[in-house]
Amino acid sequence: MNRAEMFARLHARSGPWDMIVVGGGATGVGVAIDAASRGYGVLLLEQHDFGKGTSSRSTKLVHGGVRYLEQGNISLVKEALRERGLLLSNAPHLVHDRAFVVPNYDWWEAPFYGIGLKVYNLLAGKYGFAASRILSKDETLERVPTIKTQGLRGGVIYYDGQFDDSRLLIHMAATACEMGATLLNYVRVTGLTPGGAGCIDGVQARDTESGQEFHAQASVVINATGPFTDDLRRQSDASIAPMIAPSQGVHLVFDHSFLPGESAIMVPHTSDGRVMFAIPWHGHTLIGTTDTPVDRASLEPIALEREIDFILSSASLYLARKPTRGDILSVFAGIRPLVKSATGGGTAALSRGHTIHVEKSGLLTICGGKWTTYRHMAEDCVNQAAMLARLPARPCITGHLHLHGFHPSADAFGGLRVYGSDAPLIQDLMRAHPELAKPLDSALPYTGAEVVWGSRHEMARTVEDILARRTRALFLNARAAMRMAPGVAALMARELHRDAAWEVQQVASFNEVAENYCPKATA
Ligand SMILES: Cc1cc2nc3c(=O)[nH]c(=O)nc-3n(C[C@H](O)[C@H](O)[C@H](O)COP(=O)(O)OP(=O)(O)OC[C@H]3O[C@@H](n4cnc5c(N)ncnc54)[C@H](O)[C@@H]3O)c2cc1C
């Protein structure tokens with residue numbers, strides 16, 4: 001995975017592509033893997049970095065969605081549980097199971113959630129994780145020692161999947177490249193180009209690094225721009241009615257002491273009727289989320305003070321030690337690309353199923369869905385795209401396609417587990433250059449070797465790419481990430497042949513973004 005090599009592939013293409021995918025999040029990269037692995041010629045263009053949009057800002061769950069079960073959406077739950085099982089077997093270095101405890105404070109909760117979670121397990125069929133069961137009060141405390149004990153009667157334990165979203169995305173991008181797709185980050189699609197009979201025949205794009213513009217033709221253009229879906233649709237028809245109801249979700253990150261065990265907490269009903277999770281993640285505690293309708297999507301959404309206060313007060317109802325603003329290490333926001341309902345209503349009630357839509361111009365849009373179901377979404381999308389473009393039909397093979405870095409026992413690599421089979425190569429780098437083996441900041445485990453690796457092999461182009469999406473420093477501890485920025489800039493400048501002015505500019509622009517991840521001391 002190398003940007004110069006990707007441009008070489010772009011320039012070497014003489015005829016039109018079979019498919020051009022716009023958007024390098026879970027949806028677009030999933031489509032690129034599916035199409036390339038069927039043998040279609042695919043170009044994917046991402047305006048910023050892979051995963052800059054929603055796909056690095058999720059709750060990090062590969063799950064069927066207990067909430068959708070409660071809403072009676074059995075088919076979505078079954079589909080997601082199946083995908084959970086497939087993803088675990090195709091990327092075991094990045095997806096693992098996690099125990100979730102639903103604490104019970106009322107007499108009816110144990111039987112109610114006990115039965116519901118048994119059904120959840122049954123729906124997974126052969127893709128099921130360990131069985132759910134009811135816990136006594138002592139067992140609940142053993143699992144979650146920091147839970148509020150006043151009124152606690154016991155709990156219900158069940159198992160779901162957990163992952164590192166942007167690391168999985170980078171491994172998916174690498175998989176697509178290996179399958180022959182051409183993927184470019186920092187290339188923005190600026191327009192859709194007209195072909196004959198009112199149909200589009202390709203895209204106009206700009207490399208935002210060099211400023212160079214180019215035109216690429218394709219049999220079909222796929223709009224996988226998530227929360228930005230309607231912006232691209234308007235390029236083909238300014239009069240279209242919007243499909244997306246963007247909704248913001250916020251997470252807060254705390255240190256490990258708030259949830260010191262291996263189990264997560266799942267609260268089925270917060271005061272606004274949502275599910276709230278507190279989850280151990282990369283040695284920290286992740287708590288969220290909210291569901292706030294917003295007017296427009298932005299690439300760097302900002303958590304509202306009231307969303308931060310809501311998460312703090314909801315968490316305080318369940319944790320013995322109440323988290324405060326001073327305890328927050330990072331706060332991040334993401335925009336759900338929810339598909340609008342015909343009947344109106346709040347965004348929390350909107351379906352998480354996906355939608356495929358074809359404009360009169362032939363632009364094919366895929367939107368909605370969940371991270372968990374990206375593979376199935378891609379399969380549907382490529383089936384439709386091939387039909388629309390009259391390409392020869394070829395079967396989908398991603399159900400059992402190992403993703404880049406596949407390793408059945410990556411735990412042996414410790415902190416480098418998320419690199420899977422690439423981990424020994426990073427260890428080699430550390431052995432050859434011991435100065436690269438040291439953590440860049442005492443609060444986080446990330447080393448110089450990971451910066452070098454990300455720059456050489458994972459198309460990281462900026463300090464933010466390394467600190468936000470190749471490592472998760474910004475999402476785990478924003479101040480520590482800011483301290484790391486000058487060291488990361490110096491290492492990247494050497495790798496990417498940049499000068500001192502670039503380093504200064506990179507640190508400044510990273511700090512500007514990172515300030516949004518540092519909560520104010522008071523609301
Ligand atoms: C708070 C929150 C929590 C969530 N938690 C979970 C969870 O735990 N599990 C789960 O399964 N799902 C979860 N989801 C849902 C999941 O994250 C999303 O469904 C998924 O990431 C959407 O991916 P996407 O590729 O469609 O959109 P995005 O990731 O936003 O990708 C779209 C990309 O298109 C690019 N783009 C836009 N316009 C252009 C252009 N003109 N040219 C080139 N590129 C362009 C953008 O830069 C962006 O990178 C969560 C969502 C949120 C918001």
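Definitions and limits used
Residues numbered from 1 in each chain as written. Predicted model: local features only at pLDDT ≥ 70, side-chain atom pairs only at ≥ 80, totals over all residues. Heavy atoms only, no water. Helix = DSSP H or I, 4+ residues; strand = E, 2+ residues; numbered from the N terminus. Rg over C-alpha atoms; globule rule 2.2 N^0.38 Å. Buried < 20%, exposed > 50% of the residue type's maximum accessible area, 1.4 Å probe, protein only. Contact = heavy atoms within 4.5 Å. Areas by Shrake-Rupley, 256 points an atom, 1.4 Å probe, with all protein chains shown as cover. Salt bridge = Lys/Arg side-chain N within 4 Å of Asp/Glu carboxyl O. 1 Å grid on protein atoms, 1.4 Å probe; cavity = no way out; pocket = protein on both sides within 12 Å on 5 of 7 lines; lining within 4 Å. Points joined across faces, edges and corners; volume = space filled by probe spheres on them. Nonpolar A, V, L, I, M, F, W, Y, C, P; charged D, E, K, R; others polar. Axes fitted to C-alpha atoms, helices over the stretch in contact; angles between N-to-C directions. Parallel < 35°, antiparallel > 145°, perpendicular 65-115°, else oblique. Pairing = 2+ DSSP bridges. Near = heavy atom within 4 Å. Polar contact = N/O pair within 3.5 Å; in protein donor to acceptor, adjacent residues only side chain to side chain. Core = buried A, V, L, I, M, F, W, Y, C linked by side-chain atoms within 4.5 Å. Right-handed = clockwise from strand over helix to strand, strands pointing away.

**Student:** Break down the overall build of the chain for me, citing the residues and quoting the values.
**Tutor:** Along its length, the chain carries 16 helices and 20 strands. Taken against the 2.2 N^0.38 rule, which gives 24 Å for 523 residues, the C-alpha radius of gyration of the chain at 23 Å falls within 12% of a compact globule. Taken along its principal axes, the extent of the C-alpha atoms in the chain is 70 × 55 × 45 Å. Put simply, the chain has 523 residues, and 61% of those count as buried. In the chain, the share of contacts with a sequence separation of at least 24, taken over all contacts with a separation of at least 6, comes to 71%. Element-wise, carbon and sulfur atoms account for 55% of the exposed surface of the chain, whose accessible area totals about 20000 Å².

**Student:** How would you sum up unusual backbone geometry? Please name residues and give values.
**Tutor:** For the bond from G288 to T289, the omega torsion is 20 degrees, close enough to zero to count as cis. Looking at where T289 falls in the secondary structure, it is placed in the loop between β14 (284–288) and β15 (292–293). Of note, the phi angle at M459 is positive, near 55 degrees, even though the residue is not glycine.

**Student:** Lay out the pattern of salt bridges with the relevant residues and their values.
**Tutor:** Taken as a whole, this structure holds 37 salt bridges when the rule is applied. As a salt-bridge pair, E464 and K52 come within 2.8 Å of each other at their nearest N and O atoms. Placement of E464 in helix α13 (residues 463–470) and of K52 in the loop between β2 (42–45) and β3 (61–62) is noted, with a sequence separation of 412 residues between them. In this pair, the class of E464 matches that of K52, namely buried. With a shortest N-O distance of 3.7 Å, R206 and E213 are connected by a salt bridge. R206 gets classed as partly exposed once you look at its relative accessible area, which sits at 29%.

**Student:** Could you give me a rundown of the layout of surface pockets, with the residues and numbers involved?
**Tutor:** Of the pockets and cavities examined, the second largest pocket occupies roughly 490 Å³. Lining the second largest pocket are 27 residues, and of these H282, G414, G415, R417 and V418 lie nearest its centre. Looking at the lining of the second largest pocket, the elements with two or more residues in it are β4 (95–104), β6 (154–163) and β20 (444–447). Counting residues per element, the lining of the second largest pocket draws most heavily on β20, which supplies four residues. For the lining of the second largest pocket, the class distribution of residues is 11 nonpolar, nine polar and seven charged.

**Student:** Could you give an account of the packing of α13 against helix α16 (residues 500–514), naming the residues involved and the relevant values?
**Tutor:** Contact geometry for α13 and α16: axes closest at 8 Å, N-to-C directions at 40 degrees. As summarised for this structure, α13 and α16 are arranged oblique, according to the angle between their axes. Contact residues: V463, E464 and L467 in α13; Q506, F510 and V513 in α16. Classifying every residue of the contact of α13 with α16 by side-chain character gives four nonpolar, one polar and one charged.

**Student:** With reference to specific residues and values, describe the pairing of β14.
**Tutor:** Burial analysis of β14 places five of its five residues in the buried class, which makes it a mostly covered element. Two strands pair when backbone bridges link them, and strand β11 (residues 244–255) and β14 are joined in this way by five bridges, in the antiparallel orientation. Following the sheet pairing, F254 is matched in β14 by T285. Examined bridge by bridge, strand β13 (residues 276–281) and β14 share five bridges and lie antiparallel to one another.

**Student:** Describe the site of the ligand, with residues and values.
**Tutor:** Taken together, 37 residues sit near the ligand, with T27, E46, S55, L61 and T372 positioned nearest. The contact in question runs from a nitrogen atom of the ligand to an N or O atom on the backbone of L61, over 2.7 Å. The separation between an oxygen atom of the ligand and a polar main-chain atom of G369 is 3.4 Å. For the ligand, whose accessible area on its own is 1000 Å², the fraction buried by protein is 95%. If you list the elements that add at least two residues to the shell around the ligand, you get α2 (26–37), β8 (187–194), β11 and β16 (330–339).

**Student:** I'd love a proper account of the nonpolar core, names of residues and values included.
**Tutor:** Core analysis: the biggest nonpolar cluster contains 115 residues, and M19 and L474 have the highest contact counts within it. Of all the elements, helix α15 (residues 478–496) adds the most residues to this core, at 12 residues. Not counting the four nearest positions on each side in its chain, M19 is found in contact with A35, Y40, G41, V42, L43, A218, V220, I222, V382, A385, A386 and L391. If you look at the next biggest cluster of nonpolar residues, it comprises 31 residues, including V101, V144, V250 and A303.

**Student:** How would you sum up the pairing of β2? Please name residues and give values.
**Tutor:** Neither face of β2 is exposed, since V42 and L44 on one face and L43 and L45 on the opposite face are all buried. Two strands pair when backbone bridges link them, and strand β1 (residues 17–22) and β2 are joined in this way by four bridges, in the parallel orientation. Following the sheet pairing, I20 is matched in β2 by L43. Following the chain from β1 across α2 to the adjacent parallel β2, one finds a crossover that is right-handed. Inspection of the sheet shows β2 paired to strand β7 (residues 182–184) by three bridges, in the parallel sense. Within β7, the position partnered with L45 by the bridge is L184.

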